[in-house]
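Descriptive analysis of the structure
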2 protein chains.
Amino acid sequence: MGVEATMLDAVLRNWKQQIERADKFFGSKTEEQLQAHIAPGKNRLIYLWGHLIAVNDALLPLLGIGERLHPELDAIFLTAPDGAAEAPSANDLKAAWQQINAELDAAFTRLTPADWIDRHTSVSPEDFAKEPHRNRFNILIGRTAHLAYHLGQAKLA
Amino acid sequence: MGVEATMLDAVLRNWKQQIERADKFFGSKTEEQLQAHIAPGKNRLIYLWGHLIAVNDALLPLLGIGERLHPELDAIFLTAPDGAAEAPSANDLKAAWQQINAELDAAFTRLTPADWIDRHTSVSPEDFAKEPHRNRFNILIGRTAHLAYHLGQAKLA
């Protein structure tokens, strides 16, 4: 493998590792266990999981690889705080989580190193010319850290 | 910038972003504030910070860029649970944190893309030939997620 392919492999491996950890953690919880708060007065597990699912879903248009699959999750898990709106069932969340991650996984294997360092869709060609770090690769690394950030919290429940 | 340099830049940017967030969060706390627990019965902030410092210090030999600067932190923050050993003062921790991060930062700017995808020191040349993903780049991405993991917890305090 060349340098580019090895670097891409490392970033994809770390993304997958965080996804697998989240999958193992949240996917094994019962509906009741998902109601647990990570700490007194803090978010419930189901809210963190829904939040991560909505953020992953938003990666599809942001990386220019597809349409949103579950835009309805935003109002519950991104724009509203925990408890303000009724959350879907654990089964529905799990189905959305798996569907979105499968879609991302399929797209990630198609993208070339050159595609990865190309701009994401929330930056204009003009701005990207001045700020070339606003690329897909940067987004994926940031989202990997975001997953880890909330997993660290979830593990406290 | 070519593909390799752009990919390296993205990973270094995300590492620095997590370091800056941790610096801002922990570095602004008083000795007393650092005694807060992230949740009832869970680790104190000072323990999380010391843990991150010890892990960063261990990157120096792991990435083959230098000797440990503060190996004495391991017994307090890596091998012992929170509270088992007396922690250094906030001032001493801050000095170690800054010293170690400056050393890492200086080394990171010297390493080339080819250096980054070369093996780290805890894998033998023989094993690395079979498992080329055990490289410096992979370590740095994993440590970025590790920083985010504990920052997510720290923010709950």
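Refer to the structure printed above.
Residues numbered from 1 in each chain as written. Chains lettered and ligands numbered in written order. Predicted model: local features only at pLDDT ≥ 70, side-chain atom pairs only at ≥ 80, totals over all residues. Heavy atoms only, no water.

Time to look at the relation of the copies chain B and chain A. Under the fitted operation, chain B is carried onto chain A by 0.0 Å of movement along the axis and a turn of 180°, and the coordinates agree to an RMSD of 0.0 Å. Viewed as a symmetry operation, the transformation between the two copies matches a two-fold axis. A share of 100% of interface residues in chain B that are also interface residues in chain A marks the association as one of identical surfaces. (Least-squares fit on C-alpha atoms with pLDDT ≥ 70 in both. Contact = heavy atoms within 4.5 Å.)

With that settled, the discussion passes to helix H7 (residues 136-154) of chain B. Since the α-helix advances by 3.6 residues per turn, residues separated by three or four positions end up pointing in the same direction. All names here are of chain B. With 19 residues, H7 extends 27 Å from end C-alpha to end C-alpha; this agrees with the ideal 27 Å at 1.5 Å per step. Burial analysis of H7 places 15 of its 19 residues in the buried class, the great majority of the element. At the N-terminal boundary of H7, the capping side chain belongs to Asn135, with an oxygen 3.1 Å from the backbone nitrogen of Phe137. (Helix = DSSP H or I, 4+ residues; strand = E, 2+ residues; numbered from the N terminus. Expected span 1.5 Å × (residues − 1). Buried < 20%, exposed > 50% of the residue type's maximum accessible area, 1.4 Å probe, protein only. Polar contact = N/O pair within 3.5 Å; in protein donor to acceptor, adjacent residues only side chain to side chain.)

If you look at the interface, chain B gives 33 residues, while chain A gives 33 residues. Together chain B and chain A conceal approximately 2,900 Å² of surface at their shared face, both sides included; 74% is due to carbon and sulfur atoms. Taken together, chain B and chain A are joined by eight residue pairs in polar contact (both at pLDDT 80 or more). Elements that contribute at least two residues to the side of chain B that touches chain A include exactly helix H1 (3-27), helix H5 (113-116) and H7 of chain B. In terms of residues, the side of chain B that touches chain A owes the most to one element, H1(B), which gives eleven residues. Of the residues contributing to the side of chain B that touches chain A, the split by class is 19 nonpolar, nine polar and five charged. (Buried area = accessible area lost by both parts, 1.4 Å probe. Nonpolar A, V, L, I, M, F, W, Y, C, P; charged D, E, K, R; others polar.)

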